[in-house]
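Descriptive analysis of the structure
In case you want the letters, here they are:
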Amino acid sequence: MAGERKLVVEVTSARGLMPKDGEGSSNAYCVLDYGHQRKRTRVMPKDLDPAWNEKFEFLIVDPSMPGDLEINVQNERKSGTGRRSSFLGRVVVPVSFMPGAPGDVRWYPLQKRGLFSNIKGDLGLRIWHMMESPPPPPPPPPQPKEEKEEKQLEETKEEKKEETKGIENKLEPERKKEIKEEKKMETKEETKEEQKKLVQEVAKEVPKETPKEAPKEAEKGGGGGGENAGAVTRELGAGVVREKGWVDGGGERIRQIRRIVKADQQPEFHRPTPRTLPDTDFTVKETNPDLGKAVDLKTHFDLVEQMTYLFVRVVKARDLLAKDANGKSDPYVRLTVGAVKTQSKIIRGELNPEWNQVFAVGRDKIHGGTLELTVWDADKESADDFLGGLMFDLHEVPQRKPPESPLPPQWYRLEAKNGKGRVRGDILIAIWWGTQADEAFPDAWQSDTGGPYFRSKVYLSPRLWYLRVTIIEAQDLVPFDKGRLPEPYVKVRVAPYQTLRTQFAQVRSASPFWHEDLMFVVSEPFDDLLHILVEDRNGGKEDILGQVRIPLHSIESRIDGRPVATRWYILEKEPGKGGGFLGRIHLRLCFDGGYHVMDESSNYLSSTRPSAKRLWRPCLGVLELGIHGANNLLPMKATKDSRGSTDAYCVAKYGQKWIRTRTIFESFNPRWNEQYTWEVDDPCTVLTVGVFDNRHTFNLMTPDKSTGAKDLPIGKVRIRLSTLESDRVYTNAYPLLVVTPHGVKKMGELELAVRLSCASTLNLMQAYLQPQLPRMHYFYPLDAKQLETLRVAAMNIVALRLMRSEPPLRQEIVQFMLDTEAERWSMRRSKANYFRIMGVLNGVMAVMNWFSDICSWKSPVTTVLVHILLLILVWYPELLLPTMFLYMFLIGAWNYRFRSRTPPFMDAKLSQGEHIGDLDELEEEFNVVPASRAQEVLKRRYERLRGVAGRIQNALGELATMGERLHALLTWRDPRATAIFISFCLVTAIILYVTPFQVVAVLLGVYILRHPRFRDPLPALPMNFFKRLPSQSDRIL
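Residues numbered from 1 in each chain as written. Predicted model: local features only at pLDDT ≥ 70, side-chain atom pairs only at ≥ 80, totals over all residues. Heavy atoms only, no water.

1. Quick look at the packing of helix α8 (residues 784-803) against helix α9 (residues 811-818)
The condition is simple: Only the stretch in contact is used when fitting a helix axis, every axis being a line fitted to C-alpha atoms; angles between N-to-C directions are given from 0 to 180 degrees. In this description a helix means any DSSP run of H or I spanning at least four residues, a strand means any run of E spanning at least two, and both kinds are numbered starting from the N terminus. Here is the rule for angles: anything less than 35 degrees is roughly parallel, anything more than 145 is roughly antiparallel, 65 through 115 is roughly perpendicular, and the remaining ranges are oblique. The hand of a helix crossing depends on one turn: near helix anticlockwise from the far one by less than a right angle means left-handed, and clockwise means right-handed. In this analysis, two residues are considered to be in contact whenever any of their non-hydrogen atoms come within 4.5 Å of each other.
Where α8 meets α9, the closest approach of the two axes is 9 Å, and the angle between their N-to-C directions is 140°. Looking at the two axes, α8 sits oblique to α9. For α8 against α9, the interelement crossing comes out right-handed. Across the interface between the two elements, Arg791, Met795, Val798, Ala799, Leu802 and Met803 from α8 touch Gln811, Val814, Gln815 and Leu818 from α9.

Spelled out as structure tokens, the structure:
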């Protein structure tokens, strides 16, 4: 007979539950339902993170269709009418995908029961199925008349005793190993009474084959196991019950027996699927770096850890030996410190060369106690000639920390190898131990970076302006075909890549009229030209009737909405070559300096300053950022030994200032320890920090010509300054998350230190009362579509300008930092925005649920207090607003204890990236426009989008129906309904005219808060009347 298949469910714990008892906590328990089988855990009182650690078994009736397991988390609360429960969330788990052996604890997010349920938190479960062996057949009934059978029973008992002893002897080596592990995990001791209770529970589970003396020996505590017995805990999820802290004695025998019983249940590690990602990897971790030791006075570089370097400044040499035939030499300097070898630049044809170079070698790269400095003559056809050298003991090198004055260089006489050979000349050098705060460090050759293209650098975005071109009219246009009236329009071009055109003139004429505004983005200095063309649509071709080019530096600027003088411009066939008269065009041109030109999304602006500098607000404080390093980065490119490597660097952007750290070669845990500062003029702005892999490190001297590959993003962090406390240092490790076609992936962690310092707290708070954007955005607003077009143009200008720097900040970096793909359609982002809306409505739903509980008298004491409050507010209405604001003050003061201790970070759960239902939704984000996928895939995506749009359409239809029903009350679309409503209004007006307001308010409040026994389960009369009103939905085809 085959064994029964069972489902084993271990409910370990829950976290972050919603408080439902009215005191900021919950009395949580779980109800498990599977196949008409219901079981329940114990109640954990006053705990939002309860731990049950209970195991349940369910019989699987039909293994071919196992169905789903449903677990409801409830809150037990006691009221005057008895015990009642409120809903905390539920989890529905398909049983068919469960493993055949226990694995790791898996966290399931609690789901809502309805659309407006107020639910949060996760439930930790371990679920697996097992096959239970069939029970042995019952032995035949004994025959007391025959003495042989009695002897056989006694022999079988003795054989079973010997078998248990043999099994115990076999498990003796394993028991010793477990004793060592259990001693490490001991935490505290329990009393003798708790130990005896647990021993009794163990004795009940011992099978019949085991001797009955074992539990008795355990209760006696033989071998001193009574007083020294430690805490006994059960680890049911692994399938083996382990007792921690038991010493040799009776307890050891019980542990062996329990191991025999559970020996067939072996743990199996859970393999995470790409759709389910662990929660703990996506949280911010607090770090404790050793700050402020890079300098003596903590004025700068006090937010980073100290990094020690050996600095060697090679200034010049004199009277070197001539090694070339022309009586000259091509000298250069070689430096060797342990495994680090480098050299200076070569000075051609010089016996008194000047290098003026600084070399910085990290202490972690130095293996040894000497520095070897040699001078060589570079030869192209033969080996380089030795010109002299020096050896320095690193233990005698002085140490320097800013702000100490730099060490002056000294002359040293060059020496020959081993005292032999002809050598002459002196070299001027300086050697000292320093830190990354040294003034010479930014321009020095660095052992962990290499050439100058990979050093740290500060960039400045160009100042951007809006150019407003108003096309008013044109006169005396000359078409190509003399016998027809032209159909003109105007096309305007501004570099780079900005082209706009007007509409066709309403009346076909040689003197058309448009009066249209066209907006462009330009940058300082204004070196480009404004190109205006007047074109005529002649059938299927476009004829250029005339054009004009205007230098941008000749255009007037303004800071407000005052009108600018217009001007007529003569049209030419080709600018600068003259020709016949082709007409003229009337224009108004100006730079609008009162706007802030956005090059990033309005949701996370880093600056709100207008283009005109005289409109800038004074500085409110200073933002300081310390970039410590990254941890556990993933390999980004393959190497010859197939290990992979990462050449990481950081880019931070705030306002017009961009910074780029040095590139650390071939390190998965790079340490930068660089500090930067920005001036802050608005506290409600965002700092963006990104980490990238440098793909141009194949040739250190000319990386731009080595390959056309693009630098790959590793992750990005945004920090909103308004969430930071003033003058507090935040040191945290932020997860670096990227979205891939297979889900959200953690690429590593970034350690940062952030501090916001303000000169005046009053001025900082006053900024919250001022408009975020300049005044021109409110007096002369731009529409959303136009702003998005201008933002893309501004981003392209910034990217092109930064690419012209040395070393360049590449276009893919600027696009990733400015988040240029934020407007692209994404099912994942749509879901995230939906849940954001539901999160906003959770507060309103909570108030409605609370009021519903008051009306249903779930807590009579609270309902009576609400009645008293109603009477007070009705008789003293002047207390209504003070009570409301006092209540909000108390809520805010109470929530101060639960404020966030860390800055915000990129949240994978909020972004709907932890649990992906269909991976095609993520792949859709990475498709180019137009899409290049197969027709079946595009059809499936289209059908999915239609389903989402259909639900949105129905929701909008319901809102429209409610509004139309309200409108139908007085429009006589339903004559009887309107007659009933206006009659009700007349009677109500008369009653309210003769009845005091306080009496009406009290009666209405008492009616709404009446006891449930006085309530009718049917809908109220006003609701019945409202739902019968007509709407326009029945008129839609």
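2. A short note on the sheet that holds strand β31 (residues 657-660)
As a reminder of what qualifies: Here, strands pair whenever DSSP counts at least two bridges between them.
Pairing in this open sheet of 5 strands is antiparallel, and the strands run β19-β31-β30-β33-β34 from one edge to the other. Edge positions in the open sheet fall to β19 (457-460) and β34 (712-720), since each of these has one partner strand only. In this sheet, adjacent strand axes meet at a mean angle of 20° when their direction is disregarded. Direction of pairing for strand β30 (residues 648-654) relative to β31: antiparallel, over a ladder of 4 bridges. Opposite Val651, over in β31, you have Arg660 as the bridge partner.

3. Some remarks on the packing of helix α11 (residues 860-875) against helix α16 (residues 997-1008)
How two helices pack is summed up by the angle between their axes together with the distance between the axes. Spelled out, the test is: As a working rule, the residues Ala, Val, Leu, Ile, Met, Phe, Trp, Tyr, Cys and Pro are called nonpolar, Asp, Glu, Lys and Arg charged, and the rest polar, with Gly in that last group.
The contact between α11 and α16 brings their axes to 9 Å, and the two run at 160°. The pairing of α11 with α16 is recorded here as roughly antiparallel in orientation. For the element pair α11 and α16, the recorded crossing hand is right-handed. Residues His867, Leu870, Leu871, Val874 and Trp875 of α11 lie in contact with α16, whose contacting residues are Gln998, Ala1001, Val1002, Gly1005 and Val1006. Class assignment for the residues of the contact of α11 with α16 results in 7 nonpolar, 3 polar and no charged.

4. Regarding the environment of Glu350
Heads up, the condition is: Pairs of N or O atoms within 3.5 Å make up the polar contacts considered here, provided that, within protein, one atom can donate a hydrogen while the other can accept it, and that residues adjacent in sequence are counted only when both atoms are side-chain atoms.
Structurally, Glu350 can be placed in the loop between β12 (340-343) and β13 (354-362). Put simply, Glu350 and Ala317 are 33 residues apart on the chain and 9.9 Å apart in space, counted from C-alpha to C-alpha. Not counting chain neighbours up to four residues away, the residues in contact with Glu350 comprise Lys328, Ser329 and Pro331. A distance of 3.3 Å separates a polar side-chain atom of Glu350 from the backbone nitrogen of Asn352.

5. Quick look at the UniProt feature "transmembrane region" (unreviewed entry) in the protein
Formally: UniProt positions are given in the numbering used here, feature names are shortened, and annotations may be inferred rather than shown by experiment.
Here the UniProt-annotated "transmembrane region" (unreviewed entry) positions come out as residues 864-891 and 979-1009. Overall, residues 864-891 shows 86% helix and 0% strand. The separation of its end C-alpha atoms is 22 Å. A distance of 30 Å separates the end C-alpha atoms of residues 979-1009, which is 90% helix and 0% strand.

6. Thoughts on the side chain of Asp438
Note the following rule: For every residue, the accessible area obtained with a 1.4 Å probe (protein chains only) is divided by the maximum for its type, and the residue is called buried under 20%, exposed over 50%, and partly exposed between those limits.
One can find Asp438 in the loop between β17 (426-435) and β18 (445-446). Among the residues examined, Asp438 registers a relative accessible area of 4% and is labelled buried. Residues in contact with Asp438, not counting those within four places in the same chain, are Phe311, Arg400, Pro402 and Trp432.

7. Digging into the pattern of salt bridges
Threshold: Salt bridges are counted wherever a side-chain nitrogen of Lys or Arg sits within 4 Å of a carboxyl oxygen of Asp or Glu.
In the structure shown here, the tally under the stated rule is 40 salt bridges. With its nearest N and O atoms 2.6 Å apart, the salt bridge here joins Asp438 to Arg400. Of this pair, Asp438 sits in the loop between β17 and β18 while Arg400 is found in the loop between β15 (385-393) and β16 (410-413), placing the two residues 38 residues apart along the sequence. Side by side, Asp438 and Arg400 carry an identical accessibility label, which is buried. Among the charged side chains, a salt-bridge network with shared partners connects Arg468, Asp517, Arg558 and Asp592.

8. Side note on the sheet that holds strand β32 (residues 671-680)
Spatially, the 5 strands line up as an open sheet ordered β9-β35-β36-β29-β32, and their pairing is antiparallel. Each having just a single partner strand, β9 (285-286) and β32 make up the two edges of the open sheet.

9. Concerning a nonpolar patch on the surface
To keep things clear, this is the line we draw: For patch building, the residue pool is restricted to those with more than 30% relative accessible area and no salt bridge; the joining distance is 9 Å between like charges and 5 Å between nonpolar side chains (Val, Leu, Ile, Met, Phe, Trp, Tyr). Surface accessibility in these figures is a Shrake-Rupley result with a 1.4 Å probe; residues are shielded only by whichever protein chains are displayed.
Where nonpolar side chains cluster on the molecular surface, the patch consists of Val861, Val864, Leu865, Ile868, Leu871, Ile872, Trp875, Tyr876 and Leu879 and spans about 850 Å² of accessible area. Note that Val864 resides in helix α11. When its relative accessible area of 39% is taken as the criterion, Val864 is described as partly exposed.

10. Brief notes about the side chain of Arg126
Along the chain, Arg126 falls in strand β8 (residues 122-132). Arg126 gets classed as buried once you look at its relative accessible area, which sits at 13%.

11. Side note on the nonpolar core
The line we're drawing: Side-chain atoms within 4.5 Å link the members of a nonpolar core, which is a set of buried Ala, Val, Leu, Ile, Met, Phe, Trp, Tyr and Cys residues.
In this structure, Leu625, Ile627, Trp672, Trp678 and Leu750 are the most contacted members of the largest nonpolar core, which totals 34 residues. Mapped onto this core, the elements with two or more residues apiece are β29 (621-631), β30, β32, β33 (686-693), β34, β35 (729-740) and β36 (743-758). Sort the elements by how many residues they give to this core and β36 lands first, with 5 residues. Contact partners of Leu750, with chain neighbours within four places excluded, come to Ile627, Gly629, Ala630, Cys650, Trp672, Val689, Val691, Val717, Asn732, Ala733, Tyr734 and Leu736.

12. Some thoughts on the packing of aromatic side chains
The geometry of two aromatic rings is summed up by the distance between their centres and the angle between their planes. Going by this rule: Geometry of aromatic contacts follows a simple scheme: Phe, Tyr and Trp rings, the Trp one being its six-membered ring, pair when their centres are within 6.5 Å, and the pair is stacked under 30 degrees between planes, edge-to-face over 60, tilted otherwise. Charge-over-ring placement is defined geometrically: NZ (Lys) or CZ (Arg) within 6 Å of the ring centre, and within 35 degrees of the ring normal.
Here the structure, examined in full by the defined rule, presents 19 aromatic pairs. Taken together, Tyr309, Phe311, Trp432 and Phe441 form an aromatic cluster joined through their ring pairs. Looking at Lys457, its charged tip hangs above the ring of Tyr459, at a distance of 5.7 Å from the centre.

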